[in-house]
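# Breakdown of the fold
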Amino acid sequence: MDKLIIKGGQRLEGSVTASGAKNAVLPILAATLLTDEKCCIENVPELRDVRTMVKILEGLGVNISFEDGIIEVEAGGFSGYQASYELVRTMRASICVLGPLLSRKGEASVSLPGGCIIGSRPIDLHLKGFRAMGAEIEVEHGYINAKADTLSGARIYLGGPSGSSVLATANVMLAAILAKGETYIESAACEPEILDLAEFLNKMGAKVEGAGTPMVKIEGVDKLCGATHSVIPDRIEAGTYLVAGVLTKGDVLVKNARVQDLGAVLNALDAIGAEIIYQPAGIRVKGRDVINPADITTLPYPGFPTDMQAQFMSLLSIANGVSVITEKVFPERFMQIGELNRMGADITLEGATAIIKGVEHLSGSEVMASDLRASAALVLAGLIADGETVISRVYHIDRGYERLVEKLKTLGARIERVQECKIL
Ligand code: UD1
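Residues numbered from 1 in each chain as written. Predicted model: local features only at pLDDT ≥ 70, side-chain atom pairs only at ≥ 80, totals over all residues. Heavy atoms only, no water.

Looking at the assigned domains, one finds that the protein contains domain 1 (2-19 + 233-419) and domain 2 (22-230). For the domain 1 face of the interface with domain 2, the top three residues by lost area are Y301, F330 and R399, together amounting to 30%. The interface formed by domain 1 and domain 2 contains 2 salt bridges. Close ionic contact of R235 with E193 constitutes a salt bridge, the shortest N to O distance being 2.8 Å. At the surface where domain 1 touches domain 2, the tally comes to 7 residue pairs in polar contact (both at pLDDT 80 or more). Put simply, the parts of the chain that give the side of domain 1 that touches domain 2 at least two residues each are α12 (372-384) and α13 (395-400). Among the elements that line the side of domain 1 that touches domain 2, the one with the most residues is α13, at 5 residues. In terms of residue class, the side of domain 1 that touches domain 2 is made up of 8 nonpolar, 4 polar and 13 charged. (Domains from an automatic or database assignment. Buried area = accessible area lost by both parts, 1.4 Å probe. Salt bridge = Lys/Arg side-chain N within 4 Å of Asp/Glu carboxyl O. Polar contact = N/O pair within 3.5 Å; in protein donor to acceptor, adjacent residues only side chain to side chain. Helix = DSSP H or I, 4+ residues; strand = E, 2+ residues; numbered from the N terminus. Nonpolar A, V, L, I, M, F, W, Y, C, P; charged D, E, K, R; others polar.)

Here we come to the site of the ligand. Every one of the 21 residues lining the ligand counts as a neighbour, but L125, S165, V166, D307 and V329 are closest to it. Contact between the ligand and D307: an oxygen atom at 2.6 Å from a side-chain N or O atom of the residue. Taken by itself the ligand offers 740 Å² of open surface, and the protein chains cover 91% of this. Among the elements of the structure, α5 (124-132) and α6 (166-176) are those that each provide at least two residues to the shell around the ligand. In terms of domain composition, the shell around the ligand takes at least three residues from each of domain 1 (2-19 + 233-419) and domain 2 (22-230). (Near = heavy atom within 4 Å. Areas by Shrake-Rupley, 256 points an atom, 1.4 Å probe, with all protein chains shown as cover.)

Sheets are built from strands that pair by backbone hydrogen bonding, the pairs being arranged parallel or antiparallel. Judged by pairing direction, the sheet is mixed, and its 4 strands sit side by side in the order β6-β7-β9-β8 without closing on themselves. Of all strands in the sheet, those bounded by a partner on one side alone are β6 (82-83) and β8 (136-140). Here β8 runs beside strand β9 (residues 143-147); their pairing, made up of 5 bridges, is antiparallel. Its bridge partner being in β9, E140 is matched across the sheet by Y143. Here helix α4 (residues 98-105) sits on the sheet and contacts β7 (107-111) and β9; the angle it forms with β7, its principal contact strand, is near 155°. (Pairing = 2+ DSSP bridges. Contact = heavy atoms within 4.5 Å. Axes fitted to C-alpha atoms, helices over the stretch in contact; angles between N-to-C directions.)

Applying the stated criterion across every chain, the model contains 1 aromatic pair. Seen from their ring centres, F304 and F312 are 5.0 Å apart, and the 85° between their planes marks the pair as edge-to-face. Look at F304 and you get buried, because its relative accessible area is 6%. Judged by its relative accessible area of 0%, F312 falls in the buried class. (Phe/Tyr/Trp six-rings, centres within 6.5 Å; stacked < 30°, edge-to-face > 60°. Buried < 20%, exposed > 50% of the residue type's maximum accessible area, 1.4 Å probe, protein only.)

Residue position: S152 is located in the loop between β9 and β10 (155-157). Residue classification places S152 among the partly exposed residues on the basis of a relative accessible area of 32%. Expressed as a C-alpha distance, the spacing of S152 and E182, which sit 30 residues apart in the sequence, is 7.8 Å. For S152, the residues in contact, after removing those within four places along its chain, are M133, A179 and K180.

A few words on a negative patch on the surface. A cluster of acidic residues, E136, E138, E140 and D149, forms a negative patch on the protein surface. Locating D149 in the fold gives a position in the loop between β9 and β10. Take D149: its relative accessible area is 84%, and that puts it in the exposed class. (Patch = residues over 30% accessible without salt bridge, like charges linked within 9 Å, V, L, I, M, F, W, Y side chains within 5 Å. Lys, Arg positive; Asp, Glu negative; His and termini not counted. Charge placed at Lys NZ, Arg CZ, Asp CG, Glu CD.)

For H126, the position within the fold is in helix α5. Discounting chain neighbours no more than four positions away, the residues touching H126 are I95, S165, L167, A168, N171 and V172.

A separate point is the pairing of strand β23 (residues 388-392). The buried fraction of β23 is high, at 4 of 5 residues. Bridge analysis of strand β1 (residues 2-7) against β23 gives 4 bridges, and the strand direction is antiparallel. The partner of K7 across the bridge, within β23, is E388. Strand direction decides the pairing type here: strand β22 (residues 366-368) and β23, joined by 3 bridges, are parallel. Looking across to β23, one finds that M368 is bridged to S392. Following the backbone out of β22, through α12 and into the adjacent parallel β23, one traces a crossover that is right-handed. (Right-handed = clockwise from strand over helix to strand, strands pointing away.)

This brings us to the sheet that holds β1. With respect to topology, 4 strands assemble into an open sheet ordered β22-β23-β1-β24, the strand pairing being mixed. The sheet is open, and its two borders are formed by β22 and β24 (414-419), each paired with just one other strand. Adjacent strand axes in the sheet meet at a mean angle of 25°, parallel and antiparallel pairs treated alike.

Considered as a void within the structure, the second largest pocket measures approximately 280 Å³ in volume. Around the second largest pocket, the lining is made up of 18 residues, and of these K249, D289, I291, I318 and E360 lie nearest the centre. (1 Å grid on protein atoms, 1.4 Å probe; cavity = no way out; pocket = protein on both sides within 12 Å on 5 of 7 lines; lining within 4 Å. Points joined across faces, edges and corners; volume = space filled by probe spheres on them.)

Position of K328 among the secondary structure elements: in the loop between β19 (322-327) and α11 (336-342). In sequence terms K328 and T306 are 22 residues apart; their C-alpha atoms lie 8.1 Å from each other. Setting aside residues no more than four positions away along its own chain, K328 makes contact with S162, T297, T298 and L299.

A few words on the side chain of T326. By the secondary structure assignment, T326 is in strand β19. Of the polar contacts made by the side chain of T326, one reaches the side chain of T353; its length is 3.2 Å. Ignoring sequence-local partners within four residues, the contact set of T326 consists of I296, T297, T298, A352 and T353.

Ranked by size, the top nonpolar core spans 82 residues in total, and within it V50, I71, V97, M173 and L201 carry the most contacts. The biggest single contributor to this core is α6, with 8 residues. Not counting residues up to four positions away in its chain, the partners in contact with L201 are A31, L34, M173, L174, I177 and A206. Among the nonpolar cores identified, the runner-up in size contains 70 residues, and Y241, F312, L380 and L404 belong to it. (Core = buried A, V, L, I, M, F, W, Y, C linked by side-chain atoms within 4.5 Å.)

Shown next, in the form of structure tokens:
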């Protein structure tokens, strides 16, 4: 297992390019199961989660290649309908093969994703959608077994206790594309990744309207064709580098970062006093000497993304006052707090609300990555901490940040990835 060693205190300067969005490419790859024809997906990030999805598709008998950011897929004649625990347990997004499998094969067996470090992650909304379309579903021996001779369009309300669900919206949309009749998804997730999925599906000949709004209409079609699509830039990766620029009081341009995807994040950066400059190539931030405290509540898009919550906590840990972060999407997603406090932060948790008392500085420590975004928060904290920060279990980072070390080095960070010594 590798670890990251960061020597803090370097002001970041320069530009980095946001890679393709992890959360867009995963359902898009699942969508390629809906046609026999060849699809070509471009701007694909080299990430562990993408490799996992490639393995899942290979396991189903799909022809797939991944080279230089391009995935070519040909799902003609694939025969599998099962996604095993082995792969699904490492990545919840695997569940979005369920919709296409049910639609193409009339049958699907996908392992239950199981527990997750960021809290309880039910799948009831996915199942509600499939059942409304006529599928019979049983959950047994840790697997979701679904069957449907035909799927029929339906009116499906997908709002849950925490608002809309991104992957349930994607999954039901994927099942509805080849279904008989019209499907209306109400309280659909509005995330940019859903819009990107719909754009790919429409290029394949699907009839999806309203994606990116809470009401999505899908008119079932008989057949889809192959298509080529370039994945949108990763707004969470972009946001993470913007925070890195502000936190180190630096000057960072994130090329490809799209303003329309990052409204709530840019609003929060503005509130803490950062200078934001919109350039044709992307978004540039300049950090100021004083970071103002802020109140942030995570919400489904267009609200502040839960996937940026941990990174902002690192930023606010050195703000000039008390900040509050309330987590409304995953109320237990605060794994980073213990590790940030080990680095000298002063953060307490009351229910789903974190109270962050800004401290003068953080101190480099040995810490452990626990999930993808919590790991990013520790990297950010390491960039400003006195001395050396050593982060172990960095495989979490590999799930969602393409060439993180290289990109941070380009900006001037002192960061290395080393192999953890094996204890003999
Ligand atoms: C996706 C993202 C993840 C992000 C999350 C929220 C991908 C691959 N992952 O995950 O990075 O953190 O959106 O923006 O795109 N819920 C239910 N029932 C369900 C499904 C979800 O109650 O059947 C709840 C969840 O517990 C949570 C909320 O809905 O409270 C939102 O979760 P959801 O949008 O489904 O997250 P994912 O799509 O799994």
